[in-house]
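Residues per chain are reported as follows:
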Number of protein chains: 2
Amino acid sequence: MLVLGGGIIGLASAWRLAQAGASVTMLDPSPASGASNVAAGMIAPVTEAHYGEEALLGLNLQSATAWPGFARELEEAAGLPVGYDSSGTLAIAFDPSDKAALDELHRFQDKLGLESEPIPAVRCRQMEPTLAPSIRGGLNVPFDHQVDPRLVTQALLAACRARGVVVNSAAVTEILLSKGGFAGVRTDAGERVVAGQGVLATGWQAGRVQGLPASAVPPVRPVKGQILRLRLPASLPRPSRTIRAVVRGQSVYLVPRPGGDIVCGATAEELGTDTTVTAGAVYSLLRDAQAVLPILSEAELAETAAGLRPGSPDNAPMIGPSIVDGLAIATGHYRHGILLAPVTAAMIAELLSEGSSSSGSEWARWAAFDPRRFSGEVTQA
Amino acid sequence: MLVLGGGIIGLASAWRLAQAGASVTMLDPSPASGASNVAAGMIAPVTEAHYGEEALLGLNLQSATAWPGFARELEEAAGLPVGYDSSGTLAIAFDPSDKAALDELHRFQDKLGLESEPIPAVRCRQMEPTLAPSIRGGLNVPFDHQVDPRLVTQALLAACRARGVVVNSAAVTEILLSKGGFAGVRTDAGERVVAGQGVLATGWQAGRVQGLPASAVPPVRPVKGQILRLRLPASLPRPSRTIRAVVRGQSVYLVPRPGGDIVCGATAEELGTDTTVTAGAVYSLLRDAQAVLPILSEAELAETAAGLRPGSPDNAPMIGPSIVDGLAIATGHYRHGILLAPVTAAMIAELLSEGSSSSGSEWARWAAFDPRRFSGEVTQA
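K.L.:
Is there a simple way to think about the sheet that holds strand E13 (residues 221-231) of chain A in this case?
P.N.:
Either a parallel or an antiparallel arrangement is found when strands of a sheet pair, and the pairing is made through backbone hydrogen bonds. All names here are of chain A. If you trace the eight strands from one edge of the open sheet to the other, you get E5-E6-E4-E14-E15-E16-E13-E17, paired in mixed fashion. A single partner strand is all that each edge strand has here, and the edge strands are strand E5 (117-119) and strand E17 (300-311). Averaged over all neighbouring strand pairs, the angle between strand axes comes to 20°, with direction disregarded. Of the pairings in the sheet, the one linking E5 to strand E6 (residues 137-141) comprises three bridges and is antiparallel in character. Bridging from a neighbouring strand, Ile 119 pairs with Gly 138 of E6. Sheet strands touched by helix H4 (residues 96-111): strand E4 (89-93), E5, E6 and strand E14 (242-247). Its angle to E6, the strand with the most contacts, is close to 30°. Across the sheet, helix H7 (residues 279-292) touches E4, E13, E14, strand E15 (250-256), strand E16 (261-265) and E17, and the angle it forms with E13 is around 50°.

Next comes the structure, spelled out in structure tokens:
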């Protein structure tokens, strides 16, 4: 069994497959270094709920519910922390028009039965005293949590190794087919790695994989995200939970880590594979972050980074079988890769393990994420 | 002869002293790495002219006039470029109130006979098409030039070595005196380096030097400056000369380097020895830079840095004899270290070389910079 890609999706899938008894080789020249390494790590299905994406919301909620158990099991298997933090999220409106947008989000959340409580500005500032005096109110969203993606991928690597997963640091140059089915890969080391089953989990690069029929290639594209790490001196107060905000119509989030860093993101830019950190993006993020938490002007600008998320045509991931026998696909997670790792890994392990136990109705629920919906021959289970 | 400090002032002094025949040892654990390495390198006496600093203006003009010859001689001696660029400077007003400030600067420059031509916004934008459409006008200052400080210090190091200057990478822990006169230094390597003459050129750290009588210690303090390097893609247009601007009352400068980098600075912060790059400073610099040159939003944020300039109580440098026999001082250059390097090195070499040829009247002109003005026993030459 080959897992192509060692980001959070590939790693989690490899771990679950190995646990299910498969003999797994994971290929990645630099595991845990792509979009997973830049991500903020919000486990936030409620504040990420969007009109028209109700199927995705269901998957997001399922994975968010799975996260605490996944984190505990992973920490135990790896002997390493993953930083799961259930302090909750406060969504903030900066001006009256942002307040209107937040009110609308709340009505949508409420209709879906999601836990989200409108609270006046004065109570927001009681909960988080570093908030700007001028904010217009917010939503208390106690079940939107966070995890530290850099800790998660390191723990997954350790857990994979403990389970006997072979980590091959070659880059895949081509998928090999035999009689139309998956047969292995060729690597940049000139090696042929032969296997009857594979998982394509190379993020945005899955859209450029060689060797597959065109209709089997997942239509993912890179969506650039720029992010900052701000470090407040230990002497200054800091927020105690994730702060999301709408600031003059722009979204910004601030995710505090235990060590004192605050992750601030993120842009969404369609610029191909460019990963330049730009003056314009850093400026907008700092502007909106300081508008909400003025104390951040005193923070060290400790890191700037850009990553490429795998965007899909309908904003939903591709998780499941491809039109090529033996090849599963797990990509297109866009802004939800960290959140969706537990459920994705479970689905992939279920699909590729012998003695699958998922009911037909369970796969029917997941049909919206079937990778074959872009291959011109969607199969409803 | 010992030169303490290997920033641009120490290096230029060591070079000139060695040229004059002295046997020179320069001590610095990390030459060319302090404030000189962060500086933008403007040779800009005209746009830096300030009320009440007419004596300093005279010295600035003298050194600016010396720069082209100094640069040529240094490039020849070192066999390395220093990036002297005589493209000139455009000072820009962002809004009507900034325009009033610039008009006032112009009247001051005009009164002093300095070359500075008020030009309307439309001509500013003809000269520099990347300027924001909304600017209110500017001053054309053709004789404010620039040099690349990182190239200058590397060239000075090479020129010093070619002249036989010994570079000792120990840190000075104490100045040694004998019968009240300079006798050498002790280093952190436990070494005593003996010499009858020395130059204290350790920038802001000169204010904390050990071993001198209190009244001989130059009262310099660190003044933090934060600076950015922005890199425009080769496909985009860029300014062809230094742009200085007043943006809503704040000064910002943009110094284009031949390679495509644009140096953007700078803050002036009294925060002791802190060199943290802060979110607040990066934000303000980016805001004002983009207000003047909107195209910079597309630039890579290639570097952020903070340096500590040696500030003096009267904003004028200390160049000349100390109250300790055999010890000269060259520090307190604050924002003018690069500009003043040629004249400072010439003064120090003149002072410490045998057969001094400077007239009494020349030293009288320099009395405003005599380090002993802070020792309670100023000597007028």
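Resuming the write-up.
K.L.:
When you look at the side chain of Glu 128 of chain B in this model, what are you seeing that I'm missing?
P.N.:
All names here are of chain B. Counting through the fold element by element, Glu 128 comes out in the loop between helix H5 (121-127) and strand E6 (137-141). Within the structure, Glu 128 has its side chain in polar contact with the side chain of Ser 240 (distance 2.6 Å). Once residues within four sequence positions are removed from consideration, Glu 128 is found in contact with Leu 90, Arg 238, Pro 239, Ser 240, Arg 241 and Ile 243.

K.L.:
Where do I start with the relation of the copies chain B and chain A in this structure?
P.N.:
Applying a rotation about an axis and a shift along it to one chain copy brings it onto the other copy. At an RMSD of 0.0 Å, chain B and chain A line up after a rotation of 180° and a shift of 0.0 Å along the axis. Considering both components of the superposition, the chain copies are consistent with a two-fold axis. Among all C-alpha atoms of chain B, that of Tyr 283 of chain B lies closest to the rotation axis, at 2.8 Å.

K.L.:
Explain the pattern of salt bridges here, please?
P.N.:
Side chains that carry opposite charge are capable of pairing whenever their charged atoms lie near each other. Summed over all chains, the structure comprises 32 salt bridges over all chains. Note that Glu 303 of chain B is salt-bridged to Arg 229 of chain B, the shortest N-O span being 4.0 Å. With a gap of 74 residues between them, Glu 303 of chain B in strand E17 (residues 300-311) and Arg 229 of chain B in strand E13 (residues 221-231) connect regions that are remote in the sequence. Shared partners join several salt bridges into a network, and the residues in it are Glu 48, Arg 244 and Arg 335 of chain A.

Rules used throughout
Residues numbered from 1 in each chain as written. Chains lettered and ligands numbered in written order. Predicted model: local features only at pLDDT ≥ 70, side-chain atom pairs only at ≥ 80, totals over all residues. Heavy atoms only, no water. Pairing = 2+ DSSP bridges. Helix = DSSP H or I, 4+ residues; strand = E, 2+ residues; numbered from the N terminus. Axes fitted to C-alpha atoms, helices over the stretch in contact; angles between N-to-C directions. Contact = heavy atoms within 4.5 Å. Polar contact = N/O pair within 3.5 Å; in protein donor to acceptor, adjacent residues only side chain to side chain. Least-squares fit on C-alpha atoms with pLDDT ≥ 70 in both. Salt bridge = Lys/Arg side-chain N within 4 Å of Asp/Glu carboxyl O.

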